[in-house]
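Residue strings, one per chain:
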Amino acid sequence: MKIITPATREEWLKLRTEDITSTDAAALFNISPYSTRFELWHTKKRGEINEIKENVRMIWGNRLQDSIAAGFAADTQLTVRKMTEYIRMDDLRAGSSFD
């Protein structure tokens, strides 16, 4: 496992082109509303940055994530922190950012 701290959003997006991420996983099973397995294969093969157009759910998710994290921390007595790291499992070609 590698822990990578990208300096910019562009660097983070580039890292994601090399791995299957949680955003990509649904396409592997053809249940993604954004991409098919065929599109995912071609995107990864070409190393393309695949940005999903922001929608209402994404906007509200971004607005609420800090409040939800704070509520979760209060309910569970766990410490929650914003993560800027990108975690990569080279042998699986899997990567993730935790938000």
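Residues numbered from 1 in each chain as written. Predicted model: local features only at pLDDT ≥ 70, side-chain atom pairs only at ≥ 80, totals over all residues. Heavy atoms only, no water.

Caption draft 1: A look at the sheet that holds strand 2 (residues 86-89). Spatially, the three strands line up as an open sheet ordered 1-2-3, and their pairing is antiparallel. The sheet terminates laterally at strand 1 (2-4) and strand 3 (94-97), the two strands that pair on one side only. Averaged over neighbouring strand pairs, the angle between their axes works out to 20° when direction is ignored. The pairing of strand 1 with strand 2 spans three bridges and is classified as antiparallel. Looking at strand 2, one finds that Ile4 is bridged to Tyr86. Lying over the sheet, helix 1 (residues 9-17) contacts strand 1, strand 2 and strand 3, oriented at roughly 20° with respect to strand 2. (Pairing = 2+ DSSP bridges. Helix = DSSP H or I, 4+ residues; strand = E, 2+ residues; numbered from the N terminus. Axes fitted to C-alpha atoms, helices over the stretch in contact; angles between N-to-C directions. Contact = heavy atoms within 4.5 Å.)

Caption draft 2: Representation of the environment of Gln77 within the structure. Along the polypeptide, Gln77 turns up in the loop between helix 4 (56-76) and strand 2. For Gln77, the side chain forms a polar contact with the main-chain oxygen of Ala74, separated by 2.7 Å. (Polar contact = N/O pair within 3.5 Å; in protein donor to acceptor, adjacent residues only side chain to side chain.)

Caption draft 3: Seen up close, the pairing of strand 3. As defined by bridge partners, strand 2 adjoins strand 3 across four bridges and the pair is classed as antiparallel. Bridging from a neighbouring strand, Arg88 pairs with Gly95 of strand 3. Once strand 2 ends, the chain turns through four residues before running back antiparallel as strand 3, passing Arg93 with a positive phi of about 55°.

Caption draft 4: Up close: a nonpolar patch on the surface. A cluster of nonpolar side chains, Met1, Ile3, Met89 and Leu92, forms an exposed patch at the surface whose accessible area comes to about 480 Å². With respect to the element layout, Ile3 can be found in strand 1. (Patch = residues over 30% accessible without salt bridge, like charges linked within 9 Å, V, L, I, M, F, W, Y side chains within 5 Å. Areas by Shrake-Rupley, 256 points an atom, 1.4 Å probe, with all protein chains shown as cover. Salt bridge = Lys/Arg side-chain N within 4 Å of Asp/Glu carboxyl O.)

Caption draft 5: Quick look at the confidence of the model for the chain. Across the chain, pLDDT averages 92, with 99% of residues at or above 70. Element-level mean pLDDT values for the chain span from 90 in helix 2 (residues 22-28) up to 96 in strand 1. (pLDDT = per-residue confidence, 0-100.)

Caption draft 6: Structural detail: the side chain of Thr17. Counting through the fold element by element, Thr17 comes out in helix 1. Residue contacts for Thr17: discarding those within four places in its chain leaves Lys44, Gly47, Glu48 and Ile49.

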